[in-house]
Amino acid sequence: LYNHFPSKDALIAAYLERRFVSARPSDKPPAEQILGTFDSLERRFASKDFRGCPFVNAVAEIGVEDPSVRKIAVEFKESRRLWFRDLHMQMGVANAEALATQLTLLVDGSIAQDLVRDDPAMARAAKEAATVLLRNAGVKVGDGAAKKLRPKPAV
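This text gives an overview of the structure that appears in the document. Computed from a prediction, not measured in an experiment: that's the story for all the values here. Residue numbers restart at each chain and count upward from 1, following the sequence in its written direction. With pLDDT at 70 or above as the cut-off, local features in this predicted model cover only qualifying residues; side-chain atom pairs require 80 or more to be listed or tallied, and sums for whole chains, interfaces and linings still use all residues. Side-chain figures throughout are based on the complete set of non-hydrogen atoms in the structure, without hydrogens or water.

Moving on to the packing of helix α2 (residues 30-46) against helix α4 (residues 67-90). Under this scheme, a helix contributes an axis fitted over its contacting stretch, all axes are lines through C-alpha atoms, and angles between N-to-C directions fall in the 0 to 180 degree range. In this description a helix means any DSSP run of H or I spanning at least four residues, a strand means any run of E spanning at least two, and both kinds are numbered starting from the N terminus. Here α2 crosses α4 at 150°, and the two axes come no closer than 9 Å. For the element pair α2 / α4, the angle class is roughly antiparallel. In this structure, α2 meets α4 at a crossing whose hand is left-handed. For the pair α2 and α4, the contacting residues are P30, Q33, I34 and T37 in the first and W83, F84, L87, H88 and Q90 in the second. Residue classes follow a fixed rule: Ala, Val, Leu, Ile, Met, Phe, Trp, Tyr, Cys and Pro count as nonpolar, while Asp, Glu, Lys and Arg count as charged, and any other residue, Gly among them, counts as polar. Taken together, the residues of the contact of α2 with α4 sort by class into 5 nonpolar, 4 polar and no charged. Comment on the angle field: the value is read as roughly parallel under 35 degrees, roughly antiparallel over 145, roughly perpendicular from 65 to 115, and oblique elsewhere. Crossing handedness: left-handed means the near helix sits turned counterclockwise from the far one by under a right angle, and right-handed means the same turn made clockwise. What makes two residues a contact is simply this: any of their non-hydrogen atoms within 4.5 Å.

Written out as C-alpha cells, the structure reads:
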C-alpha cells in the first residue's frame, strides 16, 4: 500500500474521498426522503459489518494529526446537513438551517447509540424524534403524506 500512498494518513484520506458520496436525487416527497434516512440507517445498523461512520472514526483515529482527514469529514457532514436543509427549504420550513442541524445530530447520535448498544432500534427512535421535529416545524408527516402545513397561495 505504501507504494501508492506515502503514509497511513494519506491512505485514510483517499479512503474517505472514495466514501464521500452525495445523496442521490429522489422523486419522493422531501419529508419521506428525510425519514427514509433513518430507515436506511436501521438497515445498516443490522448489518454484521457495520462499524459506525467512517468519517467520525477517521477523525477519532488521526484527525488531530492530519487536518486533511478532518477537512474531508467536515465536508461530508456538512453536505448531509445541507441536504436536509435543502429539503426543508423545498417544504417551506421557516428555520431550515436549525432543523437541518438537529436532524444531523439525530443521525450521528443514533449511530453512536447503535455502536454502544448494538441495537438497530436506535435508528427507529431517532426517526420518531425526527418526525416530532418535522411536525413541530409544520410539516405534515404520516401515511406516506409529507408536506408543509400552510395555506395554498391564491392564484
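So that's the structure; there's more coming.
What follows is about the packing of aromatic side chains. Any Phe, Tyr or Trp ring, taking Trp's six-membered ring, that has another such ring centre within 6.5 Å forms a pair; planes under 30 degrees apart are called stacked, those over 60 apart edge-to-face, and the others tilted. Summed over all chains, the structure comprises 3 aromatic pairs. Relative to F76, the ring of F55 has its centre 4.0 Å away and its plane inclined at 10°; by these criteria the two rings are stacked. With F55 in helix α3 (residues 54-63) and F76 in helix α4, the pair connects residues that are 21 residues apart, well separated along the chain. With centroids separated by 5.3 Å and ring planes inclined at 50°, the aromatic side chains of W83 and F84 adopt a geometry described as tilted. Given the relative accessible area of 2%, F84 is considered buried. Type-normalised accessible area, obtained with a 1.4 Å probe on protein chains alone, sets the label of each residue: buried when under 20%, exposed when over 50%, and partly exposed for intermediate values.

The next subject is the environment of F45. Following the sequence through the fold, F45 ends up in helix α2. Look at F45 and you get buried, because its relative accessible area is 2%. Sequence separation between F45 and A123 is 78 residues, and the spatial gap between their C-alpha atoms is 8.0 Å. What F45 contacts, discounting residues up to four positions off in sequence, is F50, S110, I111, D114, P120 and A123.

Following both chains from N to C, one finds α2 and helix α5 (residues 96-117) inclined at 15°, their axes separated by 11 Å at the closest point. Taken as axis vectors, α2 and α5 run roughly parallel relative to one another. Considering how the two elements wind past one another, α2 and α5 form a crossing that is right-handed. On α5, the residues that touch I34, T37, F38, L41 and F45 of α2 are L103, L106, V107, S110, I111 and D114. Residues that form the contact of α2 with α5 fall into these classes: 8 nonpolar, 2 polar and 1 charged.

Turning our eyes to something else, we now look at the layout of surface pockets. Considered as a void within the structure, the largest pocket measures approximately 950 Å³ in volume. In this structure, the largest pocket is lined by 29 residues; those nearest its centre are A23, T37, S40, R44 and R80. Of all elements in the fold, only α2, α3, α4 and α5 reach the threshold of two or more residues within the lining of the largest pocket. For the lining of the largest pocket, the element with the most residues is α2, which contributes 9 residues. For the lining of the largest pocket, the per-class residue count stands at 12 nonpolar, 7 polar and 10 charged. We place a 1 Å grid over just the protein atoms. Points where a 1.4 Å probe fits but has no way out form a cavity, open points with protein on both sides within 12 Å along at least 5 of 7 lines form a pocket, and any residue with an atom within 4 Å of a point lines it. Grid points are joined across faces, edges and corners, and a volume is the space filled by probe spheres set on the points.

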